[in-house]
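Descriptive structure summary
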Amino acid sequence: MLSGEVAVLVAGTGGAGCAVLHAGRLVAVPATEVAAVVADLEARHHPRWVWWSAGEAARAVVAARVHLARAWDVAEAHRLLNGGWDAAPALCWAAAHDLPADTVPAPPGGDLFDLVGADDLPPPDVLVDAAGHLRGDHARWLEDPAHLGAWAEAALTVARLQLARAQAVSPRLASTVASESAAALLCLELERDGLPLDRARTEQLVAEAAGPRTVGDAETVAARRARDETVLRHVPGRESTDLRNPVQVKEMLAAVGVEVPSTRKWVLEAYREVHPVVDALLTWRRDERIATTYGYRWLDSHVGADDRLRGRWTACDGAAGRMTAENGLHNLPAALRPGVAAHPGFVFVRADLGQVEPRVLAVVSGDTAFAAATRADDLYAPVAQRLGSDRAVAKIAVLAAMYGQRSGAAGEALKGLEAAYPVAMGLLERAAASGRRGEPLRTFGGRLVPTGRFLASRPPGADPQLDAARGRFARNAVIQGSAAELFKAWAATVRASVRDLGASVVLCLHDELLLHVPEEHAAEAVRRVDASLDRAAHHWSGGAPVRFVADTSVVRRWSEAKD
């Protein structure tokens, strides 16, 4: 994977510009010219780009709308190989060279204590200290163009060591690094392009929930009281209840005969018809969330003059590996979805993977009987037939298996599933047992999931409840993490396949892709999105006889898509 055309890109700081290492030739590039140089190399040589992290090296290039096809991201490779989130260059270097992480030199603190131990530093032009680590003050090298070449060589050294280790760990891990690196590039493009909005409609939706814009503290307090009044008018004598205090809310509900163990939404939903205050409280919570988190300040801060919602994206969450985003891009309230609208001349192509985690389970476990069920559009129907139950029970059983639910109806349904699909269920149980013992796991694509760090307040074996929680986490992480790998491989394939249509991916939400597409190319974009799933799934699964499906549609507003 790093034996062909490779180009290393490192970005300096403080006006140091950048350095590009290609075919053994190092070129120092002023910051103003780096996009043109990189674009030329991409067009003529199509190299695999190597960098310490896309966010540091490629941000300016992506901002200049240079398309980079292939990459090896040292930070993302480190996270896959070693688990967790921290992937600073010094830590990546140490892990690649089998050096203990706790011996990595601390960076200088910028005070007189830096003088202590200064004699231990290597000579000014040597990047590696006597212990084999990157020198503690290596970040200062990025301020000096003369040192960027050594920094580029170091990145390439780490990448090659990572590749060798990835190939030793799993035959699939190098490919996972490639798709993860593409996802890191996609994150920069998502951040650059933003999610298209209809600003007027979005502001109208905010106003419906939060009321009109307020000026000054007095108006803000009055608006808050008005929202509270929609609930408190149903409980005469309890008007002083603080609706933001769960204890006081439980007391208010008990006073009208609604006794609940907690005030969580899913608990309260069952009491909507018992007393009108419950429905009012649930509506208030929806509106209060918009008013306080997704209100006018959110609009003004994160929606640009081009009517695009922007936030920072990351290629993995540091746990099982899902993509994450800031500023509401991953948890926008459903009430605001009608405001997410394609701009004039464009439409959205929305694609949502169907029943992806159980289909992933069929691949990961190699259970041929369970794989046969994936040939159906609705996987739960053949499972129900095999169990001799109805579809609802089959669905409960499958979800219970992946999430570790064994009480009530879920536990009874699970017994039948264990008998019908022992190979798939055996994999989940082995993962759970490893989690209970705090042992690390690897996903199908090779990502390390260090279960011992989960609920690390007490070591494995010290608390049965915590051990059980670790087991449930591991049981799900081995599937959810693998599903995240498939999703990112699909997103990367789509990114490459629709570029010539003038289309772009504008949202990656768990198992869902949203593309912004010129209207005249909508049908072709749909075809390519579906074809990309077939190609990505076949490559990711190694040709396993498992069918993956997506609900793909063309809409003008996100809210028009079926959930």
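With respect to the element layout, Glu-189 can be found in helix H7 (residues 173-193). Residue Glu-189 is classed as buried on the basis of its relative accessible area, which comes to 9%.

Further remarks concern helix H16 (residues 380-387). In an α-helix there are 3.6 residues to a turn, and that puts residues three or four apart on one side. All of the buried residues in H16 are Tyr-380, Val-383 and Ala-384. In a view along the axis of H16, the buried residues occupy a sector of 100°, so they form one face of it. Phi turns positive one or two residues past the end of H16, at Gly-388, with a value near 70°.

As a further point, take the packing of aromatic side chains. Each aromatic ring pair is characterised by the separation of its centres together with the angle its planes make. Applying the stated criterion across every chain yields a total of six aromatic pairs. Arranged with centres 6.0 Å apart and planes meeting at 80°, the rings of Phe-487 and Trp-490 form a pair that is edge-to-face. Taken together, the residues Phe-487 and Trp-490, both in helix H20 (residues 464-497) and three residues apart, mark about one turn of the helix. Of the two residues examined, Phe-487 and Trp-490, each falls in the buried class.

Within a sheet, adjacent strands bond to each other through the backbone by hydrogen bonds, running parallel or antiparallel. Here we have five strands laid out as an open sheet, ordered S3-S2-S1-S4-S5, and mixed in their pairing. Looking at the sheet topology across the chains shown, the edges are occupied by strand S3 (25-29) and strand S5 (70-73). On average, each strand axis in the sheet is inclined to that of its neighbour by 25°, with strand direction left out of account. Where strand S1 (residues 6-11) lies against strand S4 (residues 48-51), three bridges are found, and the strand directions are parallel. Residue pairing across strands places Val-8 opposite Val-50, the latter belonging to S4. Against the sheet, helix H1 (residues 34-45) makes contact with S1, strand S2 (18-22), S3 and S4, and its axis sits at roughly 15° relative to S2, the strand it touches most. Seen against the sheet, helix H4 (residues 74-82) touches S4 and S5 and runs at an angle of roughly 60° to S5.

Turning to H4, a few remarks are in order. Where burial is concerned, most of H4 is hidden: nine out of the nine residues are buried. Within the span of H4, buried status applies to Val-74, Ala-75, Glu-76, Ala-77, His-78, Arg-79, Leu-80, Leu-81 and Asn-82. One or two positions beyond H4, positive phi appears at Gly-83, with a value near 80°.

Further remarks concern the pairing of strand S10 (residues 346-354). Pairing geometry for S10 and strand S14 (residues 512-518), over seven bridges, is antiparallel. By the bridge assignment for S14, Arg-350 is matched with Leu-514. Alignment of S10 against strand S15 (residues 549-555), held across seven bridges, turns out to be antiparallel. Opposite Arg-350, over in S15, you have Ser-553 as the bridge partner.

Read across the open sheet, the four strands follow the order S13-S14-S10-S15; overall the sheet is antiparallel. Only two strands of the sheet have a single partner each, and these edge strands are strand S13 (504-509) and S15. Along the sheet, successive strands turn relative to each other by an average axial angle of 20°, direction set aside. Across the sheet, H20 touches S10, S13, S14 and S15, and the angle it forms with S14 is around 5°.

To continue, consider the state of the cysteines. If you walk through the whole model with that rule in mind, you get zero disulfides. Free of any disulfide, Cys-18 has its nearest neighbouring cysteine sulfur in Cys-92, separated by 19 Å. A residue is classified by how much of its surface remains accessible, and Cys-18, at 9% relative accessible area, is buried. No disulfide involves Cys-92; its sulfur sits 12 Å from the nearest other cysteine sulfur, which is in Cys-316. Taking relative accessible area as the criterion, Cys-92 reaches 1% and is therefore assigned buried.

Quick look at the packing of helix H17 (residues 391-403) against H20 now. The geometry of H17 relative to H20 is characterised by a closest axis approach of 7 Å and an angle of 110° between their N-to-C directions. By the criterion of interaxial angle, the relationship of H17 to H20 is roughly perpendicular. Here Ala-401, Met-402 and Tyr-403 of H17 lie close against H20, whose contacting residues are Arg-472, Arg-475, Asn-476 and Ile-479. Residue classes in the contact of H17 with H20 are distributed as four nonpolar, one polar and two charged.

The next subject is the packing of helix H10 (residues 246-255) against helix H12 (residues 276-293). Relative orientation of the contacting elements H10 and H12 amounts to 155°, with a least axis distance of 10 Å. As judged from the angle between their axes, H10 and H12 are roughly antiparallel. Crossing of H10 against H12: the hand is right-handed. Here Val-249, Met-252 and Leu-253 of H10 come into contact with H12, specifically with Val-277, Val-278 and Leu-281. The class makeup of the residues in the contact of H10 with H12 is six nonpolar, no polar and no charged.

This brings us to the environment of Tyr-380. Within the element layout of this structure, Tyr-380 appears in helix H16. By relative accessible area, which is 4% here, Tyr-380 ends up buried. Along the primary structure Tyr-380 and Ala-394 are separated by 14 residues, whereas in three dimensions their C-alpha atoms are 5.9 Å apart.

Analysis parameters
- Residues numbered from 1 in each chain as written.
- Predicted model: local features only at pLDDT ≥ 70, side-chain atom pairs only at ≥ 80, totals over all residues.
- Heavy atoms only, no water.
- Helix = DSSP H or I, 4+ residues; strand = E, 2+ residues; numbered from the N terminus.
- Buried < 20%, exposed > 50% of the residue type's maximum accessible area, 1.4 Å probe, protein only.
- Arc of directions from axis to C-beta.
- Phe/Tyr/Trp six-rings, centres within 6.5 Å; stacked < 30°, edge-to-face > 60°.
- Pairing = 2+ DSSP bridges.
- Axes fitted to C-alpha atoms, helices over the stretch in contact; angles between N-to-C directions.
- Contact = heavy atoms within 4.5 Å.
- Disulfide = S-S within 2.5 Å.
- Parallel < 35°, antiparallel > 145°, perpendicular 65-115°, else oblique.
- Nonpolar A, V, L, I, M, F, W, Y, C, P; charged D, E, K, R; others polar.
- Left-handed = near helix turned anticlockwise from the far one by under 90°.

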